[in-house]
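Structural features, examined
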Amino acid sequence: MNIRKYLDSLDLREDESRRMNCPSCYGKNTFTITKEMGLIKYNCYKLDCSIGGYHHTDLTAAEIKILMAKQEKPMQMEPETMEIPEYVVQPTAEHDKFHRFTKRWGIVDRRLLYDVKDERVVFPIHYKGRIVDANGRAVGEKLPKWYRYTGKADYYTIGTGSNLLVLEDCVSAMVAYQEFPNVTAMAILGTALTAAHMDKISEYDDVIVALDPDAAHKTLQFSREIALWTNANSTAFRLDDDIKYRLTDDLERLKELLS
């Protein structure tokens with residue numbers, strides 16, 4: 001049978017789930033189907049039936065582009081080691097703005113550096129043990145607020161957990177990791193997901209997207225794009241406030257989701 005035509009004929013509503021007889025092996029109530037953000041997940045639990053997978057419906061032009069790119073993914077070149085500028089140094093007691101910033105957000109990491117010229121807290125980005133880029137957060141009057149030193153890295157990660165938490169910036173990622181040490185936190189460092197993001201994300205089976213509240217539409221969009229590209233269990237999590245503020249309700253709901 002044509003499973004795609006069969007799934008389309010069911011006219012499943014968004015966020016609807018059904019348990020029914022399998023259209024392939026005819027097992028009684030062994031077939032489950034769920035539609036989330038246009039992605040239909042289906043599976044038969046009968047041991048001798050192999051039917052199961054994903055079916056994409058109502059795709060946008062951007063999502064079609066993602067699926068095409070997935071089939072024609074270019075080879076990724078390894079980034080070169082970053083040459084640390086002489087004005088990016090290990091922070092000392094005299095760098096008051098560095099310490100006020102890290103204390104404000106409750107972030108502690110000995111790998112953090114300080115840009116004495118532009119007054120930025122610097123988050124080094126590592127690749128296979130090498131620093132290949134860095135993301136700097138201004139703590140003075142310098143603009144832009146966030147600055148990428150080489151532009152060779154698409155994301156910043158911290159942690160080695162089996163669940164991936166996708167966030168907006170390095171501070172959010174570090175706060176999330178300190179609140180949930182068993183996750184890997186990823187800061188996307190931009191406004192769109194790239195092939196490099198997806199390569200990293202595809203290493204994880206369970207992904208939670210939790211962008212800042214003013215980007216709720218992108219939280220949904222990114223979660224769907226991740227599901228399309230990687231087939232990961234991708235969840236859009238709506239924060240009531242930026243995770244860096246450690247709102248108790250947000251942390252409790254995330255903790256429950258991660259348990």
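Anyway, here's the lowdown on the structure attached to this text. (Residues numbered from 1 in each chain as written. Predicted model: local features only at pLDDT ≥ 70, side-chain atom pairs only at ≥ 80, totals over all residues. Heavy atoms only, no water.)

Remarks on unusual backbone geometry
Using the following cut-off: Helix and strand definitions here come from DSSP, where helices need a minimum of 4 consecutive H or I residues and strands a minimum of 2 consecutive E residues; each element is numbered from the N-terminal end. Exposure is judged per residue with a 1.4 Å probe applied to protein chains only, and the accessible area is read against the type maximum: over 50% gives exposed, under 20% gives buried, and values in between give partly exposed.
For the bond running from L143 to P144, omega is 5°, close enough to zero to count as cis. If you trace the backbone, P144 turns up in the loop between strand 8 (130-138) and strand 9 (146-148). For N29, which is not glycine, the phi torsion reads 55° and is therefore positive. With respect to the helices and strands, the residue N29 is situated in the loop between strand 1 (17-20) and strand 2 (31-36). The exposure class assigned to N29 is partly exposed, which follows from its relative accessible area of 38%.

Points about the pattern of salt bridges
Note the cut-off: The working definition used for a salt bridge is a side-chain nitrogen of Lys or Arg within 4 Å of a carboxyl oxygen of Asp or Glu.
Tallied over the entire structure, the rule returns 16 salt bridges. Of the charged contacts in the structure, one is a salt bridge between R18 and E16, with a shortest N-O distance of 2.8 Å. Between K142 and D118 there is a salt bridge, with the nearest N and O atoms lying 3.8 Å from each other. Here D118 lies in the loop between strand 6 (113-115) and strand 7 (120-127) and K142 lies in the loop between strand 8 and strand 9, a separation of 24 residues in the sequence. The buried category is assigned to D118, whose relative accessible area is 12%.

Quick word on the pairing of strand 12 (residues 183-187)
Short version of the rule: In this analysis, strands are considered paired if DSSP registers two or more bridges between them. Orient the strands so they point away from the viewer; a crossover is then right-handed if the path from the first strand over the helix to the second runs clockwise.
Burial runs high along strand 12: five of the five residues are buried. Neither face of strand 12 is exposed, since V183, A185 and A187 on one face and T184 and M186 on the opposite face are all buried. The pairing of strand 10 (residues 156-158) with strand 12 spans three bridges and is antiparallel. Residue pairing for strand 12: Y156 is matched across the bridge by A187. Where strand 11 (residues 163-167) lies against strand 12, five bridges are found, and the strand directions are parallel. If you follow N163 over to strand 12, its bridge partner there is V183. Handedness of the β-α-β unit built from strand 11, helix 4 (residues 170-179) and strand 12 comes out right-handed.

Some points on the side chain of D133
We apply this condition: Neither His nor the chain termini are counted; the positive set is Lys and Arg, and the negative set is Asp and Glu. Think of a polar contact as two N or O atoms within 3.5 Å of one another; within protein, one of them needs to be a possible hydrogen donor and the other a possible acceptor, and neighboring residues in sequence only count if both atoms come from side chains. By the convention used here, residues are in contact when the closest approach between their heavy atoms is within 4.5 Å.
Following the sequence through the fold, D133 ends up in strand 8. For the buried D133, no salt bridge is present, and the opposite-charge side chain at shortest range is R148, 4.2 Å distant. A polar atom in the side chain of D133 sits 3.4 Å from the backbone nitrogen of Y149. Separated by 3.1 Å, the side chain of D133 and the backbone nitrogen of K152 make a polar contact. Once residues within four sequence positions are removed from consideration, D133 is found in contact with M82, P124, I125, R148, Y149, T150, G151, K152 and A153.

Examining the packing of aromatic side chains
Quick reminder of the rule: Stacked, tilted and edge-to-face pairs are distinguished by plane angle, under 30 degrees for stacked and over 60 for edge-to-face with tilted covering the rest, among Phe, Tyr and Trp rings (Trp via its six-membered ring) whose centres lie within 6.5 Å.
In this structure the tally under the stated criterion is six aromatic pairs. Aromatic side chains F31 and Y42 sit 6.3 Å apart centroid to centroid with 40° between the ring planes, which places their arrangement in the tilted category. Residue F31 is located in strand 2, and its partner Y42 is located in strand 3 (residues 39-44); the two are separated by eleven residues in the primary sequence. Here F31 matches Y42 in class, with each residue buried. Between F123 and W146, the ring centres sit 6.0 Å apart and the planes meet at 45°, which makes this aromatic pair tilted. Of this pair, F123 sits in strand 7 while W146 sits in strand 9, and the two are 23 residues apart along the sequence. The exposure class of W146 is partly exposed, given its relative accessible area of 24%.

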